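Secondary and tertiary structure notes
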Amino acid sequence: MKTAIYPGSFDPVTLGHINIIKRAANAFDKVIVCVMVNSEKNGGLFEPEERVELLRKSIQVENVEVDVYRGLVAEYAKQKGARVLVKGLRAVSDYEQEVQMAMINSKLNPDLDTVFFPSSEKYTYLSSSVAKEMARYNADLSEFLPREILEDVKKRLKANCK
Ligand code: ADP
């Protein structure tokens, strides 16, 4: 069985992420979407376990699982017996960093390879940060975020403003 891992912060999941998840689910037998907790990105809008819940609410695809991991993705992949990491590429600016990460990950775990999915044209501009910024200005979020989580995001931002 070919298992792929799609790691990221997902703070929160966007329609750009969902697009990559669905395409990866078509390409592999099983996809594990993993919320990675790293020391650099502290203080997100949602706690890692909340991000997992938002992802689960947004994806109803049979061969997709959601998990959270505090550590290196190369190690997580070993534990899960996965040999593929899935990454989305939005622009040339993503490329340099992602290729560097792919090299580091295959050094840490030589069985691991990284597969890139080009972003769908519709979502090349979209990141979690852009979605949060739009939400702060009360923009229509239905183009950015899965409808299942729209209320959760609005509620959290409102609570943070108080
Ligand atoms: P961000 O905070 O920038 O949205 P994440 O760390 O949550 O990013 O992203 C996880 C993965 O998803 C990365 O491989 C990233 O390149 C990819 N990704 C994020 N947004 C998109 C998008 N709109 N289209 C394609 N891939 C994306």
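Note that residues are indexed from 1 along each chain, following the sequence as it is written. Only residues with pLDDT of at least 70 are given local features in this predicted model, and only at 80 or more are side-chain atom pairs given and counted; all residues enter the totals for whole chains, interfaces and linings. With hydrogens and water stripped out, all remaining heavy atoms of the structure feed into the side-chain values.

Here we take up helix α2 (residues 48-58). The buried label goes to any residue with under 20% of its type's maximum accessible area, the exposed label to any with over 50%, and the partly exposed label to all in between, with areas taken from a 1.4 Å probe on protein chains only. Secondary structure elements are defined from DSSP: runs of H or I of at least 4 residues count as helices, runs of E of at least 2 residues count as strands, and each element is numbered from the N terminus. Those residues of α2 lying buried are Pro48, Arg51, Val52, Leu54, Leu55 and Ser58. End-on view of α2: buried residues confined to an arc of 165 degrees, all on one side of the axis. In this structure, the buried residues of α2 make contact with α1 (15-27), β2 (30-36), β3 (64-69) and α6 (150-161). When we speak of the arc, we mean the arc of directions from the helix axis to the C-beta atoms. It only takes one pair of heavy atoms within 4.5 Å for two residues to be counted as in contact.

Bringing α6 into the picture now. Expected helix span is computed as 1.5 Å times (number of residues minus one). In this model, α6 (12 residues) spans 17 Å end to end at C-alpha, consistent with the 16 Å of a helix rising 1.5 Å per residue. Where α6 is concerned, the buried positions are Leu150, Val153 and Leu157. Each buried residue of α6 sits inside an arc of 75 degrees when the element is viewed along its axis, so together they form one side. Turned more than 90 degrees away from the buried face of α6 sit Glu151, Lys155 and Lys158, all of them exposed. Lining the buried residues of α6 we find α5 (128-136).

Our next topic: the site of the ligand. A molecule or strand has a residue near it when one of that residue's heavy atoms lies within 4 Å. What surrounds the ligand is a group of 18 residues, the closest being Tyr6, Phe10, Gly88, Tyr123 and Leu126. For the ligand, an oxygen atom lies 2.6 Å from a polar atom in the side chain of Tyr6. For the purposes of these results, a polar contact is taken to be a pair of N or O atoms within 3.5 Å, where, inside protein, one atom must be able to donate a hydrogen and its partner to accept one; residues adjacent in sequence count only when each atom of the pair is a side-chain atom. At 3.1 Å from an oxygen atom of the ligand is found a main-chain nitrogen or oxygen belonging to Ser9. Contact with the protein chains hides 90% of the accessible area of the ligand, taken as 540 Å² for the molecule alone. If you list the elements that add at least two residues to the shell around the ligand, you get β1 (3-8), α1, β4 (84-89) and α4 (92-108). When residues are grouped by polarity, Ala, Val, Leu, Ile, Met, Phe, Trp, Tyr, Cys and Pro land in nonpolar, Asp, Glu, Lys and Arg in charged, and all others, Gly among them, in polar. Taken together, the residues that form the shell around the ligand break down as 6 nonpolar, 8 polar and 4 charged. Only the protein chains shown count as cover for residues, with accessible areas throughout obtained via the Shrake-Rupley method and a probe of 1.4 Å.

A few words now on the nonpolar core. With 36 residues, the main nonpolar core has Val33 and Leu55 as its most contacted residues. Listed by contribution, the elements that provide at least two residues to this core are β1, α1, β2, α2, β3, β4, α5 and α6. Broken down by element, this core gets its largest block of residues, 6 residues, from α1. For Val33, the residues in contact, after removing those within four places along its chain, are Tyr6, Phe10, Ile21, Leu55, Ile59, Val64, Glu65, Val66 and Asp67. Here, the term nonpolar core denotes a set of buried Ala, Val, Leu, Ile, Met, Phe, Trp, Tyr and Cys residues that are joined through side-chain atoms within 4.5 Å. Formed by 12 residues, the second largest nonpolar core is a distinct cluster that contains Ile32, Ala74, Tyr76 and Leu112.

For β2, the buried fraction is high: 6 of the 7 residues fall into the buried class. Strand pairing requires that DSSP identify at least two bridges connecting the strands. Two elements, β1 and β2, share 6 bridges in a ladder whose sense is parallel. Considered in β2, the bridge of Ala4 is made with Val31. A crossover links β1 with its parallel partner β2, the connecting element being α1, and its sense is right-handed. By convention, a crossover is right-handed whenever its connection, traced from the first strand over the helix to the second and viewed with the strands pointing away, goes clockwise.

Moving on to the sheet that holds β2. Two pairing modes exist for strands in a sheet, parallel and antiparallel, and in both the strands are linked by backbone hydrogen bonds. Pairing within the open sheet is parallel, and its 5 strands lie in the order β3-β2-β1-β4-β5. Of all strands in the sheet, those bounded by a partner on one side alone are β3 and β5 (113-118). This sheet shows a mean twist of 30 degrees between the axes of neighbouring strands, independent of strand direction. In this sheet, β5 lies alongside β4 in parallel orientation, the contact comprising 6 bridges. Looking at the pairing, Val86 lines up with Val115 of β5. In this fold α2 packs onto β2 and β3, with an angle of close to 175 degrees to the strand it touches most, β3. Here, axes are lines fitted to C-alpha atoms. For helices the fit covers the stretch in contact, and angles between N-to-C directions go from 0 to 180 degrees.

These values are about where atoms sit, not about what they do.
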